[in-house]
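Each chain is listed here by its residues.
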Amino acid sequence: GMNVVLQVSIEDMIRAMSYNHQDVYFNQALKMAREKEKTEQKDFITLFGEAYKEVNPMPDQGLANIFAVLENQDRINLDSSDDEVLALIREEAEDAIQRTFNILRSRIDKFGVTQPNISLQASTGRIIVELPGVGNPERVRRLLQATAKLEFWETYTNVEIYPYLLQANNIVRDKLGLAADTAATDSVNLDPGDDDIIDLTADDEPAPTDTTKDDTLADADNELLEFLSDTTGADTSDALSNEELRRQNPLFAVLGPAFYTDESGNQQLQNGPVVGYSAAKDTATVNHYLAMRDVKAAFPRNVKLLWGAKSLEEGSDIFALYAIKTQLNEEEAPLVGDVIVDARQDFDQNAQPEISMKMNTEGAKIWKKMTGENINKSIAIVLDDVVYSAPNVIGEIPNGNSSISGQFTINEAKDLANILKAGKLPSPAKIVEEAVVGPSLGQESIDNGLRSLISGLVIVLLFMIFYYSGSGIVANLALVSNLFFIMGVLGSLGATLTLPGMAGIVLTIGMAVDANVIIFERIREELLKGKGLRLAIIDGYKNSYSSIVDANVTTILVGFILYAFGTGPILGFATILIIGIFSSMFTAILISRLVIDWYTAKERAIGFATNLTRGAFKKINVNFIDKRKFAYVVSGIVVLVGIGSMFTKGFDLGVDFQGGRTYVVRFDQEVSTDDIKASLNDVFGSYPIVKTFGGNNQVKITTSYMIDSTATNTDDRVEAKLYEGLQGQLGDDVTLDIFKEKHKLSSQKVGPTIADDILDAAIWATVFSLIGMFLYILIRFRKWQFGLGAVISLFHNVMVLLAIFSLLSGILPFSLEIDQAFIAALLTVIGYSINDTVVVFDRIREYLSIHHTKDMKTTINLAINSTLSRTLITSFTTLVVVIILFIFGGEMIRGFSFALLIGIMVGTYSSIFIATPIVVDLSKESKKA
């Protein structure tokens, strides 16, 4: 399936509100805000306001001069302050984000995906879309990113525009200095190198990504040269003149004029709005030339040149360039898509897919007038600045019905009709993060994950029966009920289970088992005191409530903080954690109590131990406190060595924290990572990171190639380059489509901005979690030493985990990337550790009130030993699930499960050897003792 994070473009919305104002300070402020956004944590509107104050030399002429247009006159005027204008922009931005969310939801609902999920992060303006089972990422990208800006334009004819193209060709030749240089060379420098050039982004390029020149264009070269010699007067008498002709006509070398051969064999200009043809690889150069200031000045002011949406023929990479006739001093087209009230996929008279549209009354009136005035002329139908069709008007169309044709497949026509019907996005939505898992790898991950979790769960269920006898069955019933409730809530919310969610479930299983273990261990203690079964059960539940509540409240506090500050995987983890805690408390305390009370009410005995486990852990009396200095030394060495490794070796950062694209590719045979690096360097222009991922026939490729590009077709272009670089290892029989379907198992993209946001969110969420836990423990236990001990213990656990990932990166035979999965594992470790620590602290508090005549060290040792059975049993049951997940869960989650494995062991160790000893060392009573 596919997981996508879209960012609504506030910059484009601001430009639209200003009607693309050309004020130099306004545009400088937008550019400065865009740069600041990469390093500062303020929102774009705030950054824009600050930047405008910096660059504007005339404070008395503020933003009102730019935004006080006719459409905004009821809300701002020329006397409005910058703060008032920014408030209006912020209000419009919030509205644009909500409308974009609603429109995208409408599009997805009609897309036909089973159980799609779309959610809005209002604080960041991001929209998260999860589409399970999707097998065509390109189609999804088009569906989500199309702004649906539909326009109907009058057109110029080819005959009218050709003289201006001739003039443009001469201007470009003069700018490049090619006229004076007549020596034949192998290549021509296509970089104009002129200060007057306006840089065009790749957004102006059409969709195809093939980098080879089409045979159709190659065959037409000679005819083109002959036509150019006729129209420009150049001499083509010898072989060298062809090369010289291309050099003297740099624009026509990449943009073939639209001509045809008449019956007499002469070259004639075509009729219609198409003014030229270009290969996909040359469209950027054409854009570059046409954007020169002198070239733009050579054309009439109301001429706009737009590319066709699709190539001339299927399998071709030749695109047509259309001449659009705009209205002087008017930005909008005479007729726009807002008038469309219905759109559907249909078939034309040749049984080819098309989109039929129906307009409202106002649109029908304009359409009638427009078609009536352009009989025997073309009207271009433009969607998102590309021409889908330019039909010739035969007669006036009075009823507001029209259609769009253009070599569509049925799915393309359906999607386009869906987009038009849902409406135009108020502001473009760009994909800033994306994860695609192919069907083969997706099924493998599902199968491995389910098998591992079920196997681990079965072992836990069997262990509970082995250790606690009949009461273990009750605990198992509560545990299964807990999972049932979690899945039910997730299903009712329409949530999708992802890797962070799996981490939350693992933690929930551990906490659900832990609650039952605390209760049963308390009941066993009461039975050892000689109490009857019913009284022991009553007292056992009563005495265990304090520990269960404290442990779960501290963990749920973490969940709420992570939910408030988190994003992406942190948010997903927090959601599962909060649901799981409420569910586990309900099932462990209520369901298990009801079952046990029902059973004992019938005068039946229920066992809380087997013959093998009845006296387990009761004779253990370890002096943990006196071993604290040794533990401090060991932990200190690990942390210091880890810090040294972090500063020298660093981490293996995934794309989540540095931006870029990652692909998992499987080959039919073993491959060399060095060979793949070298071949991809040839197409990417830099060496990617290539690692073996599982078997030697599977690699993980990470690259930052074109990661800053905002073009809608960038992902397709990068994948085409990837395929080109890997073709030597894939074999000639593997086409691009086969590569995408069978060999590209998964892909992930993270833009630089969201990568910074994920890292910042993870850091702040963790910091606030530590502060929140310290304050709760301080209030609950009334000793700051307990709160500080817990926080230092958690910090220790985080540092040890980071140290191990830094030290062992590149040594272990699996990936130890610091990515979103690692963050999910780290949060799981924090939640587990605080749960474990609070249970120990709770027993210490109880023992300090009972054994107040004994010294503090002795009392704390007694408390730790009394909870040792619970600590080890909970750790064992949780570790069983994680170990099986690590061994059998598959390569995709091996690093994640390894982090859980280390974290749970370190968390168990730290609650006894770090957190508690720190409380002792910080307490005055212990020093006196």
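A.B. asks: What exactly am I supposed to notice about the packing of aromatic side chains here?
C.D. replies: Given two aromatic rings, one states the distance between the centres and the angle between the planes to describe the pair. The full count for this structure, using the stated rule, is 25 aromatic pairs. Ring plane angle 45° and centroid distance 6.3 Å describe the contact between F463 and F466, whose orientation is recorded as tilted. Placement of both F463 and F466 in helix α16 (residues 439–468) is noted, with a separation of three residues, approximately one turn of the helix. Among the aromatic residues, those joined into a cluster by ring pairs are F463, F466, Y467, Y468, F520, F608 and F876. The ring of F781 carries the charged tip of R845 above its face, separated from the ring centre by 4.4 Å.

A.B. asks: Where do I start with the sheet that holds strand β12 (residues 340–347) in this structure?
C.D. replies: The strands that make up a sheet pair up through hydrogen bonds in the backbone, lying either parallel or antiparallel. The three strands lie next to each other as β12-β13-β16, forming an open sheet whose pairing is antiparallel. Of all the strands in the sheet, the pair left with one neighbour each is β12 and β16 (401–404). Across the sheet, the axes of successive neighbouring strands diverge by a mean angle of 25°, strand direction being ignored. Inspection of the sheet shows strand β13 (residues 353–359) paired to β16 by four bridges, in the antiparallel sense. Looking at the pairing, K358 lines up with N401 of β16. The strands that helix α14 (residues 361–373) touches are β13 and β16; relative to β13, the one it contacts most, it runs at about 110°.

A.B. asks: So what exactly am I meant to see when it comes to the pairing of strand β8 (residues 274–279) here?
C.D. replies: Side-chain positions along a regular strand alternate between the two faces of the sheet. β8 sits mainly inside the fold: six of its six residues count as buried. By the bridge criterion, two bridges tie strand β5 (residues 256–257) to β8 in an arrangement that is antiparallel. Considered in β8, the bridge of G256 is made with Y277. Alignment of β8 against strand β10 (residues 318–325), held across five bridges, turns out to be antiparallel. Bridging from a neighbouring strand, V274 pairs with Y322 of β10.

A.B. asks: Quick question: what am I supposed to make of the pairing of strand β4 (residues 150–155) here?
C.D. replies: Counting buried positions over the six residues of β4 gives five, a clear majority of the element. Inspection of the sheet shows β4 paired to strand β14 (residues 379–383) by five bridges, in the antiparallel sense. Across the sheet, E151 pairs through a bridge with V382, a residue of β14. One ladder, built from two bridges, connects β4 with strand β11 (residues 335–336); its direction is antiparallel. Directly across from E151, in β11, lies its bridge partner V336. In the sheet, β4 pairs with β10 via two bridges, with the strands oriented antiparallel. Within β10, the position partnered with T155 by the bridge is I324.

A.B. asks: What's the story with the side chain of T610 in this structure? I'm lost.
C.D. replies: Mapped onto the elements of the fold, T610 is located in the loop between α20 (569–600) and α21 (628–648). Classification of T610 as buried rests on a relative accessible area of 18%. Looking at T610, its side chain comes within polar contact range of the main-chain oxygen of F466, at 3.1 Å. Once residues within four sequence positions are removed from consideration, T610 is found in contact with I465, F466, Y467 and S469.

How each quantity is defined
- Residues numbered from 1 in each chain as written.
- Predicted model: local features only at pLDDT ≥ 70, side-chain atom pairs only at ≥ 80, totals over all residues.
- Heavy atoms only, no water.
- Phe/Tyr/Trp six-rings, centres within 6.5 Å; stacked < 30°, edge-to-face > 60°.
- Helix = DSSP H or I, 4+ residues; strand = E, 2+ residues; numbered from the N terminus.
- Lys NZ or Arg CZ within 6 Å of the ring centre and 35° of its normal.
- Pairing = 2+ DSSP bridges.
- Axes fitted to C-alpha atoms, helices over the stretch in contact; angles between N-to-C directions.
- Contact = heavy atoms within 4.5 Å.
- Buried < 20%, exposed > 50% of the residue type's maximum accessible area, 1.4 Å probe, protein only.
- Polar contact = N/O pair within 3.5 Å; in protein donor to acceptor, adjacent residues only side chain to side chain.

By themselves, these figures tell us nothing about what the structure is for.
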